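Structural overview
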Amino acid sequence: MFKNLLVTGGCGFIGANFIRYLLEDSDFTGRIINIDKLTYAGNPENLSGIESSFPDRYLFAKIDICNKDEVTKIFENYQIDSVCHFAAESHVDRSIVRPDTFIQTNIIGTFNLLEVARNHMNNIQLFHHISTDEVFGSLGKEGYFTEDTPYKPNSPYASSKAASDHLVRAYHKTYAMPITISNCSNNYGPYQFPEKMIPLMILNAFDGNPLPVYGDGLNVRDWLYVRDHCTAIWMIMKKGIRGETYNVGGSNELENIKLVKMICDILDEHKRLPDNHLRNELVTFVTDRPGHDRRYAIDFSKLKSALGWSPEESFESGIKKTIQWYLDNSDWIDRVKSGEYLSWVKEHYG
Ligand code: NAD
Ligand code: DAU
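The residue count restarts for each chain, going from 1 along the sequence in the order it is written. Naming scheme: in the order in which they are written, chains are lettered from A and ligands are numbered from 1. Local features are withheld for residues below a pLDDT of 70 in this predicted model, meaning they are given only at 70 or higher, and side-chain atom pairs are given and counted only at 80 or more; totals for whole chains, interfaces and linings count all residues. Side-chain measures were taken over the full set of non-hydrogen atoms in the model, leaving aside hydrogen atoms and water.

1. Looking at the environment of Asn256
In this fold, Asn256 is placed in helix H9 (residues 256-270). Taking the relative accessible area as the measure of exposure, Asn256 reaches 10% and is therefore buried. Note: C-alpha distance between Asn256 and Glu142 (114 residues apart in sequence) is 17 Å. When sequence neighbours within four positions are dropped, the list of residues in contact with Asn256 reads Met197, Gly217, Asn219, Arg221 and His292. Each helix corresponds to a stretch of at least 4 residues labelled H or I by DSSP, and each strand to a stretch of at least 2 residues labelled E; elements are numbered beginning at the N terminus. Here's how the labels work: a residue is buried when its accessible area is under 20% of the maximum for its type, exposed when over 50%, partly exposed in between, all with a 1.4 Å probe on protein chains only. By definition, residues are in contact when any of their heavy atoms lie within 4.5 Å.

Shown next, in the form of structure tokens:
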């Protein structure tokens, strides 16, 4: 099963955690071929040590999923038999300012991969597509997203992911491609690019900088530790019914303002600011994100009952681990914040 697994976007946050999990901690025995365009969000350092620890089981190529010839060469040179597709533009705020790259990578890129996979259908055991709960739109105070919730995306990012989900589903219905799709809630953990809420707040709060909370701060997200997302993906890939979608969530709803204050308290306990002010005082309410979804909450009972998956990490321990990881990895943070890793990428890959 899965001898030559193509992972797209493996140098990003979740992709890198997934590759580490598969090679270091799971029962996967095959080889991973990671293709990544290395955009601002793709950092080869997220996989440092992997190439040397697994020289026969890990390969990397800098490739844009929109480049059909290059992707075809990868399928042929490495006899790809399975795909786990993470590559995407992933940040909602960027999609509001510049939607074009989201349309290109998330829709055209996914279409391209599907076409190449279709041209190699005899070899393909599975095309697993990583998606998001944002395709379902926004919830009010009550209720949960299930696999049957109608799609109602609100941001250019969410719409582009919705379009890609529909394409993947259509390739199953029309061409009998063996596919699975997972729609997951907000992830947090090591290697997340510090434009996203949790790492941004950790780093700003640690340095005593303002903490920009959008709107009234009462928007709710359902947080899942990234390792738990990785175990869910692997379980779906191995045992999920082909053609089906699975929701993945953390049972862990939090208002943004509560989350920010929790991060402040943990950091205050760790090390007080030089002027002895509490970090909560750094909270600054700023103009709301246009079209800001109010609440996400996931019903993952299908994944639980059909495949036996549940998240293992509690939010309390996951957020402490995550904060500790950011405190322990100041070199990684400095290079990411200064853009130094991008110069390295340019030097090594052009
Ligand atoms: P990320 O932005 O950290 O990483 C994306 C990766 O894709 C980067 O390595 C980037 O270089 C690569 N990439 C971008 N465009 C590419 C292209 N044209 N060709 C090849 N590679 C390209 O994103 P992430 O947070 O790790 O998200 C990964 C996937 O999971 C995405 O599909 C996202 O929609 C989905 N998702 C994310 C979350 C979350 O909370 N972060 C939750 C649910 C689903
Ligand atoms: O739900 C899954 C999605 O979660 C993924 O599909 C996306 O790829 C991922 O980026 C994430 O989207 P969000 O928009 O929910 O995540 P973000 O970290 O950008 O924001 C989380 C919440 O915090 C959201 O309500 C907006 C708010 N926020 C965010 C930032 C960056 C702030 O209040 N201030 C901020 O500075």
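Now that the structure is up, let's keep going.
2. A word on the state of the cysteines
Note on terminology: pairs of cysteine sulfur atoms within 2.5 Å are recorded as disulfides. Taken as a whole and judged by the stated rule, the model has 0 disulfides. Here Cys84 stays free of any disulfide, with the sulfur of Cys230 as its closest cysteine sulfur at 9.0 Å.

3. Here's the deal with the sheet that holds strand E9 (residues 220-225)
In space, the 3 strands of this open sheet follow the order E7-E9-E11, with mixed pairing throughout. Each edge of the open sheet carries a strand with a single partner, namely strand E7 (186-188) and strand E11 (253-255). Taken over all neighbouring pairs, the strand axes of this sheet differ in orientation by 50° on average, direction set aside. Two strands pair if DSSP finds at least two bridges between them. Every axis in this analysis is a line fitted to C-alpha atoms, fitted for helices over the stretch in contact. Angles between the N-to-C directions lie between 0 and 180 degrees.

4. Topic: the site of ligand 2
Taken together, 24 residues sit near ligand 2, with Thr132, Asp133, Tyr157, Arg289 and His292 positioned nearest. Under the rule applied, a polar contact is a pair of N or O atoms within 3.5 Å (in protein, one hydrogen donor and one hydrogen acceptor; residues adjacent in sequence only if both atoms are side-chain atoms). Between ligand 2 and Ser90 there is a distance of 2.7 Å, counted from an oxygen atom to a backbone nitrogen or oxygen. Separating an oxygen atom of ligand 2 from a side-chain N or O atom of His292 is a distance of 2.7 Å. Methods summary: accessible areas were calculated by the Shrake-Rupley approach with a probe of 1.4 Å, and residue burial reflects only the protein chains presented. Expressed as a share of its isolated accessible area of 690 Å², the protein-covered part of ligand 2 is 94%. Contributing elements (two or more residues each) for the shell around ligand 2: helix H7 (197-207) and strand E8 (211-214). All residues other than Ala, Val, Leu, Ile, Met, Phe, Trp, Tyr, Cys, Pro, Asp, Glu, Lys and Arg, Gly among them, are scored as polar; the first ten of these are nonpolar and the last four charged. Grouping the constituent residues of the shell around ligand 2 by class yields 10 nonpolar, 8 polar and 6 charged. Whether a residue is near a molecule or strand depends on its heavy atoms: if one lies within 4 Å, it is near.

5. Topic: the pattern of salt bridges
What makes a salt bridge here is a side-chain nitrogen of Lys or Arg within 4 Å of a carboxyl oxygen of Asp or Glu, nothing more. The full count for this structure, using the stated rule, is 18 salt bridges. Two residues, Lys196 and Glu195, come together in a salt bridge whose shortest N-O distance is 3.2 Å. As far as burial versus exposure is concerned, Lys196 and Glu195 are alike and both buried. One salt bridge connects Glu313 with Lys321, and the closest N-O pair in it is separated by 2.7 Å.

6. Concerning the site of ligand 1
The full set close to ligand 1 counts 28 residues, and Ile14, Asp36, Ser90, Tyr157 and Lys161 are the nearest of them. Within the side chain of Asp64, a nitrogen or oxygen atom sits 2.9 Å from a nitrogen atom of ligand 1. Take Tyr157: an N or O atom from its side chain is 2.6 Å from an oxygen atom of ligand 1. For ligand 1, the protein covers 97% of the area, taking 830 Å² as the surface of the free molecule. Looking at the shell around ligand 1, the elements with two or more residues in it are helix H1 (13-25), strand E5 (126-132), helix H6 (156-175) and E7. Broken down by element, the residue count for the shell around ligand 1 peaks at 3 residues, all from E5. Looking at side-chain class alone, the shell around ligand 1 contains 13 nonpolar, 11 polar and 4 charged residues.

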